[in-house]
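Descriptive structure summary
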Amino acid sequence: MKYVVAIGNQMIASEMVKLKKHSITVLYRPITPTVQNIMEAEKHGADAVIVTGSEAGGHISQYNVSLFTLLPQVTAAVSIPVIAAGST
């Protein structure tokens, strides 16, 4: 299998189409994770998402939301696998 970890501010639909055309599994890690941008990534075809909270090392999110606050909100909102990362 081929995998790509896409990291950015938003999932770009046209890039997702190109990746999917080549049967690439896409894991998306938003720089500023919110329920809304993770739902958008699922809508555009992300196969899984990586969610980090503000306590993650090197975290540059504009929001001060902990992983254990964000994680249950995300898992309730999407049906794709959610990978929790960067907590204490």
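Let me begin by describing the structure that accompanies this report. Predicted, not measured: the structure shown is a model, and the values here were computed from it. (Residues numbered from 1 in each chain as written. Predicted model: local features only at pLDDT ≥ 70, side-chain atom pairs only at ≥ 80, totals over all residues. Heavy atoms only, no water.)

1. Some thoughts on the pairing of strand E3 (residues 48-52)
Along any regular strand, the residues point their side chains to alternate faces of the sheet. In terms of burial, E3 is a largely internal element, 5 of the 5 residues being buried. Of the two faces of E3, the one holding Ala48, Ile50 and Thr52 and the one holding Val49 and Val51 are both buried throughout. In the sheet, strand E2 (residues 24-30) pairs with E3 via 2 bridges, with the strands oriented parallel. Considered in E3, the bridge of tyrosine 28 is made with valine 49. Crossover connection from E2 via helix H2 (residues 35-43) to parallel E3: handedness right-handed. Sheet topology note: the E3/strand E4 (residues 82-85) ladder contains 4 bridges and is parallel. Along E4, the bridge assignment pairs threonine 52 with alanine 85. (Buried < 20%, exposed > 50% of the residue type's maximum accessible area, 1.4 Å probe, protein only. Helix = DSSP H or I, 4+ residues; strand = E, 2+ residues; numbered from the N terminus. Pairing = 2+ DSSP bridges. Right-handed = clockwise from strand over helix to strand, strands pointing away.)

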